[in-house]
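What follows is the residue order along each chain.
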Amino acid sequence: FTTAFDQYALRAFEVHAIDYLLKPFDEERLYASLDRAAAMLRGARRDRNVREYLEQLAPLERFVVRTPGRIVFLSLAEVDWLEAAENYVYVHTGRERHLIRGTLKSIEARLDAKRFARIHRSAIVNVERIRELAPRAHGDCDVVLRDGTRLGVSRTFAARVRRALRH
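Given the structure is predicted, the values throughout are model-derived calculations rather than measurements.

A. Main features of the packing of aromatic side chains. Evaluation of the coordinates by the stated rule reveals 0 aromatic pairs. Lying across the ring of Tyr90, Arg97 places its NZ or CZ 3.7 Å from the centre.

Structural data, given as structure tokens:
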């Protein structure tokens, strides 16, 4: 944080600020703060809040699924659809489903919108896996995946799905 007001320093550190620069500050103080941030990013300190935060913002390249005794890596191309389960998400790949920690909203923010579309408040689908859209009553429709899985599309997300399928 950089500010001319020292009364906010405590609040800044409560939200895990790396440093608090009180204006006016000199170049040496600025570089010392930047060095501290770089050290955290390199993992030189135990506190990795900045690194974890930046990783959460980075686009997803694959899912890492931790299970007892093994770690499974799933490429995005393998994913058929994602299903919300409170603070977890089921990643559906063919006949398997894998549980990962995170919310559907946080994962959606890291997915390529051209490849994945939110179809319901509790589901995201890989648009490459969609075989057809099957209309239902009242403007709703179902997405039918290549493997025959049928998922409901709410009216809220129907336009988004159609837009994603045009690309």
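Let us keep going from here.
B. Expanded view of the environment of Arg136. Positionally, Arg136 belongs in the loop between β10 (130-135) and β11 (141-145). Apart from residues no more than four positions distant in its own chain, Arg136 is found in contact with Cys141, Asp142, Gly152 and Val153. At a separation of 3.1 Å, a polar atom in the side chain of Arg136 contacts the side chain of Asp142.

C. Layout of the sheet that holds strand β8 (residues 116-120). Read from one edge of the open sheet, 5 strands run β7-β6-β5-β9-β8, paired in antiparallel fashion. At either end of the open sheet lies a strand with only one pairing partner, and these are β7 (96-101) and β8. On average, adjacent strands in this sheet sit at an angle of 25° to one another, irrespective of strand direction. Pairing of strand β5 (residues 81-85) with strand β9 (residues 123-126) involves 3 bridges; the strand directions are antiparallel. Counted as the bridge partner of Leu82 is Ile124 from β9.

D. A look at helix α5 (residues 155-166). With 12 residues, α5 ought to run about 16 Å at 1.5 Å a step, and its terminal C-alpha atoms sit 18 Å apart, in line with that. Every buried residue belonging to α5 is among Phe157, Ala158, Val161 and Ala164, and all of these are buried. For α5, the angular spread of the buried residues around the axis is 135°, confining them to a single face. Exposed side chains of α5 directed beyond 90 degrees from the buried face belong to Arg155 and Arg166. As for α5, its buried residues are in contact with β8, β10, β11 and β12 (150-153).

E. The sheet that holds β10, seen in detail. Spatially, β10-β11-β12 is the arrangement adopted by the 3 strands of the open sheet, whose pairing is antiparallel. Only two strands of the sheet have a single neighbouring strand rather than two, namely β10 and β12. Adjacent strand axes in the sheet meet at a mean angle of 25° when their direction is disregarded. Two elements, β11 and β12, share 4 bridges in a ladder whose sense is antiparallel.

Calculation rules
- Residues numbered from 1 in each chain as written.
- Predicted model: local features only at pLDDT ≥ 70, side-chain atom pairs only at ≥ 80, totals over all residues.
- Heavy atoms only, no water.
- Phe/Tyr/Trp six-rings, centres within 6.5 Å; stacked < 30°, edge-to-face > 60°.
- Lys NZ or Arg CZ within 6 Å of the ring centre and 35° of its normal.
- Helix = DSSP H or I, 4+ residues; strand = E, 2+ residues; numbered from the N terminus.
- Contact = heavy atoms within 4.5 Å.
- Polar contact = N/O pair within 3.5 Å; in protein donor to acceptor, adjacent residues only side chain to side chain.
- Pairing = 2+ DSSP bridges.
- Axes fitted to C-alpha atoms, helices over the stretch in contact; angles between N-to-C directions.
- Expected span 1.5 Å × (residues − 1).
- Buried < 20%, exposed > 50% of the residue type's maximum accessible area, 1.4 Å probe, protein only.
- Arc of directions from axis to C-beta.

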